[in-house]
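Examination of the molecular architecture
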Amino acid sequence: MKKVFVSAFALLASLSLWAQDVTTIYNEAAADYGAKNFASAAAKFEQVIDLGIDNDDAASLVATAKSTLPKCYFMLGGGAMRTKDYQAALENFTKSAELAELYGDMQQMAKSNGWVAKIYQVQGGDAFNNKDYTTAAEIFAKGYAADPDNTSMALNLAMSYCEMGEYEKGMEIYEAIAAKTHPKYAEDAAKAKEMMALYTNNKVAEMQNAGDYDGIIALADAQLEKYPASALFQNVRLQAYANKKDYTKVIELGEAAAAAQTEEADKSLMYYLLGAAYNARDMKAQAIAAFKQVTAGTAVENAAAALVELQK
């Protein structure tokens, strides 16, 4: 029993000394952090975490070390940025983000990842400007993975994919940007919609020239499966069915396609195609009702002429 008592006493003494060591290292780390010696502070905060992780007496020190360690690497990343050592900055910001995620500091993780994305944006800029879209996409994709809210870089990534002929990948990024509703993204969201329309029209034009209306419909269906409310692909699909003279499908899909449109000219075009389909099926009353909904855009004149004929 006496030996057990001595051993327990020795263990308590050892734990006490251990706690003192953790406290000493913690104080040194805090001093280094205050002196902006972030590399030394990081190394010592890591020691505090390693030595104190299973010591209840050091729990508060370990908790503070965990919250401060990602900030050390964030500050090291900022220092590297100031000297334009982008590789070192990238490594430090990445480590900051990883540690912040590990220790549950989502705000710091987002902040660090924001800088990771900015560095990749800079690194991919030369390739993008030189139209080396393959290299640009490879770099921008890493930045996008770190921070999908960096919409200016995301626009360049989407364009790179489209210019490479990877239309579906480009549309996925454009759709994600276009779906953002916060006012700060309004300009980029509008640009995404513009570019989606441009690249989709280019893609559709190629397929139309080849008479591949079924291919256009398949493309639109694939996109609508992911984004059912997409005005653009509702529009594209209805036009393809109209070009195929598949009036049954135009009549089936016309009202929904019109309802999905956000621009009056596009809505009017959907109603014009619907009116033409009804007219081709000798459904006079429905054709008149549809043509009367054509109030804007290039289809107005043709709709008016059709109404004159139908109302004689």
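I will try to describe carefully the structure that is included in this document. (Residues numbered from 1 in each chain as written. Predicted model: local features only at pLDDT ≥ 70, side-chain atom pairs only at ≥ 80, totals over all residues. Heavy atoms only, no water.)

Where two aromatic rings form a pair, the distance of their centres and the angle of their planes describe that pair. For the structure shown, the criterion picks out 8 aromatic pairs. Relative to Phe38, the ring of Tyr33 has its centre 5.3 Å away and its plane inclined at 75°; by these criteria the two rings are edge-to-face. Look at Tyr33 and you get partly exposed, because its relative accessible area is 27%. Given a relative accessible area of 12%, Phe38 falls into the buried group. Grouped by ring-pair contacts, the aromatic residues Phe74, Phe93 and Trp115 constitute a single cluster. Looking at Lys180, its charged tip hangs above the ring of Tyr185, at a distance of 5.2 Å from the centre. (Phe/Tyr/Trp six-rings, centres within 6.5 Å; stacked < 30°, edge-to-face > 60°. Buried < 20%, exposed > 50% of the residue type's maximum accessible area, 1.4 Å probe, protein only. Lys NZ or Arg CZ within 6 Å of the ring centre and 35° of its normal.)

With that settled, consider the pattern of salt bridges. Enumeration over the complete set of coordinates arrives at 10 salt bridges. Notably, a salt bridge pairs Lys95 with Glu46, separated by 3.9 Å at the nearest N-O pair. Residue Lys95 is located in helix α4 (residues 86–102), and its partner Glu46 is located in helix α2 (residues 38–52); the two are separated by 49 residues in the primary sequence. When the shortest N-O distance is used, the salt bridge between Asp221 and Arg237 registers 2.8 Å. Within this pair, whereas Asp221 is found in helix α10 (residues 213–226), its partner Arg237 is found in helix α11 (residues 231–243), the two being separated by 16 residues in sequence. On the accessibility criterion, Asp221 (30% relative accessible area) is partly exposed. Given a relative accessible area of 14%, Arg237 falls into the buried group. Ionic contacts of the salt-bridge type, sharing partners, join the residues Glu28, Asp32 and Lys44 into one network. (Salt bridge = Lys/Arg side-chain N within 4 Å of Asp/Glu carboxyl O. Helix = DSSP H or I, 4+ residues; strand = E, 2+ residues; numbered from the N terminus.)

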